[in-house]
Amino acid sequence: MDQIAPPQSFEIEKDVLSVICNRPELIYQVEDLLDDDCFYNSDNRYLFSVVMKVHFSGVAVTQSSILPQIITSGRKDILDHYQQMKKYFTSERSLVNNAEALVELSTKRALLTKSLRILQMIELNETIEDIESEVTDATNIVMTRNKQTEAISMGEAVDGLYDLMHRDPVNGITGIPTGISSLDKITGGWEYDDKVIIAARPGMGKTIAATFHSFHSASIGYPTALISLEVRPAKLAGRMMSNASGFNSSDITKGRLADNQKRIITEIGDKSKSIPLYFYDNTRSRDINDICRTIRTWHRKYGIKIVYLDYIGLCRDRTIRNSSDKTAITESVQSKLTELGDHLGIPLIIFSQLNRGSEEKSDRRPTLSNLKSSGKLEEDATRVIFLYRQDYYDSNESEARGENFIPSNDMEYIFAKNREGELGPVLLKCNVAQNRIYDNNQTSHIHSAKQIEDYYKNTALNGIPMSLGFA
Ligand SMILES: Nc1ncnc2c1ncn2[C@@H]1O[C@H](COP(=O)(O)OP(=O)(O)OP(=O)(O)O)[C@@H](O)[C@H]1O
């Protein structure tokens, strides 16, 4: 393997360089295609980088404009090289084809380097996760190259439209059902190209929403990833069991249930073990590069169809040098997530924590301006939804006055951006102790054993024996 010569062609490099040195007005044909790495020969690579620097500065590429660049770098020998390229003239007709050939050769060189690295890692018995990461990088090398050279034809676009048009809506929904019919009406379910930001101040119910929606999508059969950077999987499962049983989630996790109640949770728990829901181990890493790698692996391994991330502000990014620049980190994290969602073609539901800064005004409902401090969250999102519960404030104020508080359970999903649908609030109910979110017109989402049976009838939890004596 060590003996494999790096794929390259000095002749093609020379052909391309001679055309762009003689006919700089043609550079635009290849400027998006080529980068320095496309040239294997170091003089060619250096000359190309100088030519492009001049070109991108908006100045015409001539001997006099490249001269200052060469002199400041101390590589006067490159001037001879430039003159040789000018003398060696070849037809410009093959420029694009030749440039594509150079891209292909450089891709092969990058793959060769990666392959040697992977072989070495196997030899050194490095962890499978690290090896997998290198394999993913290798796939990305090929993907990036494809992006540069392949267009999507009108034929492909129209075929894609037919696929969308012929999807069989179930109850009018083509995406992944949210679990709440009034939300499904507005969204049509979470769509394959969705990047949804669900933002809220602390205590508004982000984790309840993440748990509720992910449990729902998994229980109706969609392989689901729940990346919670705050709550451990056993506690998340406790919230899901609370949702399914109606018992207070704290009572479940703190061992405060009676024996017959524990039996019910065990029944539901055992049944739900087969649900395709995958939790991320947040003790391993909160770095977005590891998170994206994990999601890619799960997509291959488990066929993940939707990802919930709770919440973006807790992600780190080791590629950002200044770790105190929160905006730079959020922007980088978000662009990595957007790229991942586009690449996998699955919805990403990303939770975001708003700070408490602007709660002084009389209407405490957040607006898009509250997202401004979190980088470009709004720009890339297909939808921005704010969660709001007036109970949160009322209960604190009642407590301060020493009064008893009776919750309204009102919850609003406020659509502040919705690329293909209505804006405005959707009024729902949320029972925080039971981790339940339900339509406003229901007195309770689920309040009897019979309703639980009906609710889960078409899900993997179908057949849960709910006749164990609770209402
Ligand atoms: N078992 C419970 N009993 C009573 N209230 C609860 C229970 N579990 C959660 N809550 C309350 O529900 C609200 C929403 O909880 P959730 O964990 O979803 O908050 P969050 O929006 O994720 O915020 P944070 O990041 O601060 O945890 C909080 O005010 C919390 O105190």
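Here's a quick rundown of the structure. (Residues numbered from 1 in each chain as written. Predicted model: local features only at pLDDT ≥ 70, side-chain atom pairs only at ≥ 80, totals over all residues. Heavy atoms only, no water.)

**Some details on a nonpolar patch on the surface**
Move 1: A cluster of nonpolar side chains, L161, Y162 and M165, forms an exposed patch at the surface whose accessible area comes to about 310 Å².
Move 2: Residue placement: Y162 occurs in helix α7 (residues 154-165). (Patch = residues over 30% accessible without salt bridge, like charges linked within 9 Å, V, L, I, M, F, W, Y side chains within 5 Å. Areas by Shrake-Rupley, 256 points an atom, 1.4 Å probe, with all protein chains shown as cover. Salt bridge = Lys/Arg side-chain N within 4 Å of Asp/Glu carboxyl O. Helix = DSSP H or I, 4+ residues; strand = E, 2+ residues; numbered from the N terminus.)

**Details of the nonpolar core**
Move 1: Core analysis: the biggest nonpolar cluster contains 78 residues, and W190, I227, L337, Y413 and I437 have the highest contact counts within it.
Move 2: Take this core: its biggest share by element is 6 residues, from helix α9 (residues 206-219).
Move 3: V30, I66, M85 and L102 belong to the second largest nonpolar core, which has 30 residues in total. (Core = buried A, V, L, I, M, F, W, Y, C linked by side-chain atoms within 4.5 Å. Buried < 20%, exposed > 50% of the residue type's maximum accessible area, 1.4 Å probe, protein only.)

**Some points on unusual backbone geometry**
Move 1: Following D310, the chain continues to Y311 via a peptide bond in cis, the omega torsion being 0 degrees.
Move 2: With respect to the helices and strands, Y311 occurs in the loop between β4 (306-310) and α14 (326-344).
Move 3: The phi dihedral of N409 is positive, around 65 degrees, even though this residue is not glycine.
Move 4: Mapped onto the secondary structure, N409 falls in the loop between α16 (390-401) and β7 (410-418).
Move 5: Positioned with a positive phi, N435 is a non-glycine residue whose angle comes to about 55 degrees.
Move 6: By the element assignment, N435 lies in the loop between β8 (424-431) and β9 (436-439).

**Here's the deal with the site of the ligand**
Move 1: Neighbouring the ligand are 16 residues, the closest being G203, G205, K206, T207 and N248.
Move 2: A distance of 3.3 Å separates an oxygen atom of the ligand from a polar backbone atom of M204.
Move 3: Separating an oxygen atom of the ligand from a side-chain N or O atom of T207 is a distance of 2.8 Å.
Move 4: Protein chains shield 70% of the accessible area of the ligand, which is 640 Å² for the free molecule.
Move 5: Counting residues per element, the ones that place at least two in the shell around the ligand are α9 and α11 (249-253).
Move 6: Among the elements that make up the shell around the ligand, the one with the highest residue count is α9 (3 residues). (Near = heavy atom within 4 Å. Polar contact = N/O pair within 3.5 Å; in protein donor to acceptor, adjacent residues only side chain to side chain.)

**Thoughts on the side chain of T382**
Move 1: Looking at the secondary structure, you find T382 in the loop between α15 (377-380) and β6 (383-388).
Move 2: Side-chain polar atoms of T382 contact the side chain of D194, separated by 2.6 Å.
Move 3: When near neighbours in sequence (up to four residues on either side) are disregarded, T382 contacts D193, D194, K195, V196, K417, N418 and R419. (Contact = heavy atoms within 4.5 Å.)

Honestly, that's just the spatial picture; any functional story needs more than this.
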